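# Coordinate inspection notes
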Amino acid sequence: MILMPDDCLSSLLNDEARYLQIEEVLPAEGSAWPISRELARFLARVVVTMKPTSVLEFGAGQSSLIFACSLSLAGGGRLTSVDHLIEYCSEAWEKLKATESIDASLVISRLRPILMREGLLYGYSDAAPTIAARGPYDLVFIDGPPSRYGRDAPLHIAYPYLNTGALVVLDDAVRPEEAMTVDRWLRRYPGLELVCFDLKFGRGVAVLRHNGDKNVRLSPRSIASATSICVTRMAKDVFRSLIKIEACL
Ligand SMILES: C[S@@+](CC[C@H](N)C(=O)[O-])C[C@H]1O[C@@H](n2cnc3c(N)ncnc32)[C@H](O)[C@@H]1O
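## Here we look at the overall build of the protein
Along its length, the protein carries nine helices and nine strands. For a compact globule of 249 residues, the expected C-alpha radius of gyration is about 18 Å, and the protein comes in at 18 Å, within 12% of that figure. Reported as C-alpha extents along the three principal axes, the dimensions of the protein are approximately 50 × 45 × 35 Å. Across the 249 residues in the protein, those meeting the buried criterion constitute 50%. Looking at the protein alone, contacts between residues at least 24 apart form 72% of all its contacts between residues at least 6 apart. Each charge class in the protein was averaged separately, 28 positive and 30 negative side chains, and the resulting centres sit 5 Å apart.

Pasting the structure below:
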């Protein structure tokens, strides 16, 4: 892995460089669920420049294809992707099989409330063993779970396996929930630094770097905040289910 200084990252964000192989697998213009084309191109530039040995992503699909192609362009590497909906990402993963020099693994996991040291959080409850076995990671991309579940948990699961200099990229940073997630991560992990937080880029992007310090700080305020959000989401889920049951009666 090549370490990425701040100025290099900012120049990659604004760079116009494009790769033919990536252009061919970009998501359709204006698609609702996949990453934006802008973010896809940025991620490809990061991978080709940084040459990560191992990439971990939460929220598989079109972005998995972008990572596979750019890792292949960079000379090869390992991709581990986690999602809760096989029907959402299976098409992209079928295409991805043809990519050369890639060791790719897709984990389909249930999305459930998990009691963690950071509080009660929705997370991919079956993914931890594979994440541990395939680490350490140089790049972690967090684009799942969908916003109504919250995105705090993926980094808590991945954090012990981050290499020094690893980058963490969070999509959808324009949403207040994601901004609060970044704030809680920074309070929890003194070794994380916020390199970039650009609300105008795609749907907003936050880039953090792990400086190697593996100390952690537990803040009662963060635990309470994360837990109360999760409990509210669980209550909404129960309410939605009740409405569905009532509609069937
Ligand atoms: C924003 S999507 C992006 C996934 C991936 N990074 C990409 O570029 O395609 C994130 C998550 O939304 C989920 N998702 C997609 N369609 C959905 C739907 N109709 N209802 C609920 N979740 C959905 C996917 O399973 C995925 O985990």
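## A closer look at the pairing of strand β2 (residues 77-83)
Most of β2 sits inside the fold, with six of its seven residues counted as buried. Where strand β1 (residues 54-58) and β2 come together, five bridges link them in parallel fashion. Bridge pairing in β2 links Ser 54 to Arg 78. The parallel pair β1 and β2, bridged by helix α4 (residues 62-73), forms a crossover whose chirality is right-handed. Inspection of the sheet shows β2 paired to strand β3 (residues 102-108) by seven bridges, in the parallel sense. Counterpart to Thr 80 in the pairing with β3 is Ser 105. Once the chain exits β2 it traverses helix α5 (residues 86-96) before rejoining the sheet at β3, and the crossover so formed is right-handed.

## A word on the packing of aromatic side chains
For any pair of aromatic rings, geometry is given as the distance between the ring centres together with the angle between the planes. Under the definition given, this model contains five aromatic pairs. Judged by centre distance (3.8 Å) and plane angle (15°), the ring pair of Tyr 159 and Tyr 189 falls under stacked. Taken together, the residues Tyr 159 in the loop between α7 (152-158) and β7 (162-171) and Tyr 189 in the loop between α8 (176-188) and β8 (192-198) connect sequence positions 30 residues apart. Each member of the pair, Tyr 159 together with Tyr 189, is buried.

## Considerations on helix α1 (residues 6-14)
Considered for burial, the residues of α1 that qualify are Leu 9, Leu 12 and Leu 13. Projection of α1 onto a plane perpendicular to its axis shows the buried side chains occupying an angular sector of 105°, all on one side. Structural note: α1 exposes Asp 7 and Asn 14 on the side pointing more than 90 degrees away from its buried face.

## Some remarks on the site of the ligand
Near the ligand, the surroundings consist of 14 residues, among which Gly 59, Ser 63, Asp 83, Tyr 88 and Asp 143 are the closest. Measuring from an oxygen atom of the ligand, one finds a backbone N or O atom of Ile 35 at 3.0 Å. At a separation of 2.7 Å, an oxygen atom of the ligand approaches a polar side-chain atom of Tyr 88. In isolation the ligand exposes 580 Å². Once the protein is present, 81% of that is buried.

## Some points on the pattern of salt bridges
Here the idea is simple: oppositely charged side chains can pair when their charged atoms come close. For the structure on display, the rule yields 16 salt bridges. One salt bridge connects Glu 23 with Arg 41, and the closest N-O pair in it is separated by 2.9 Å. Taken together, the positions of Glu 23 in helix α2 (residues 20-23) and Arg 41 in helix α3 (residues 37-50) put the pair 18 residues apart, joining distant regions of the chain. Arg 41 gets classed as buried once you look at its relative accessible area, which sits at 15%. Between Asp 237 and Arg 240 there is a salt bridge, with the nearest N and O atoms lying 3.1 Å from each other. Residue Asp 237 and its partner Arg 240 are located together in helix α9 (residues 220-248), separated by three residues, close to a single helical turn. Judged by its relative accessible area of 38%, Arg 240 falls in the partly exposed class. The structure contains a network of salt bridges with shared partners spanning Asp 143, Arg 151, Asp 172, Arg 175 and Glu 178.

Calculation criteria
- Residues numbered from 1 in each chain as written.
- Predicted model: local features only at pLDDT ≥ 70, side-chain atom pairs only at ≥ 80, totals over all residues.
- Heavy atoms only, no water.
- Helix = DSSP H or I, 4+ residues; strand = E, 2+ residues; numbered from the N terminus.
- Rg over C-alpha atoms; globule rule 2.2 N^0.38 Å.
- Buried < 20%, exposed > 50% of the residue type's maximum accessible area, 1.4 Å probe, protein only.
- Contact = heavy atoms within 4.5 Å.
- Lys, Arg positive; Asp, Glu negative; His and termini not counted.
- Charge placed at Lys NZ, Arg CZ, Asp CG, Glu CD.
- Pairing = 2+ DSSP bridges.
- Right-handed = clockwise from strand over helix to strand, strands pointing away.
- Phe/Tyr/Trp six-rings, centres within 6.5 Å; stacked < 30°, edge-to-face > 60°.
- Arc of directions from axis to C-beta.
- Near = heavy atom within 4 Å.
- Polar contact = N/O pair within 3.5 Å; in protein donor to acceptor, adjacent residues only side chain to side chain.
- Areas by Shrake-Rupley, 256 points an atom, 1.4 Å probe, with all protein chains shown as cover.
- Salt bridge = Lys/Arg side-chain N within 4 Å of Asp/Glu carboxyl O.

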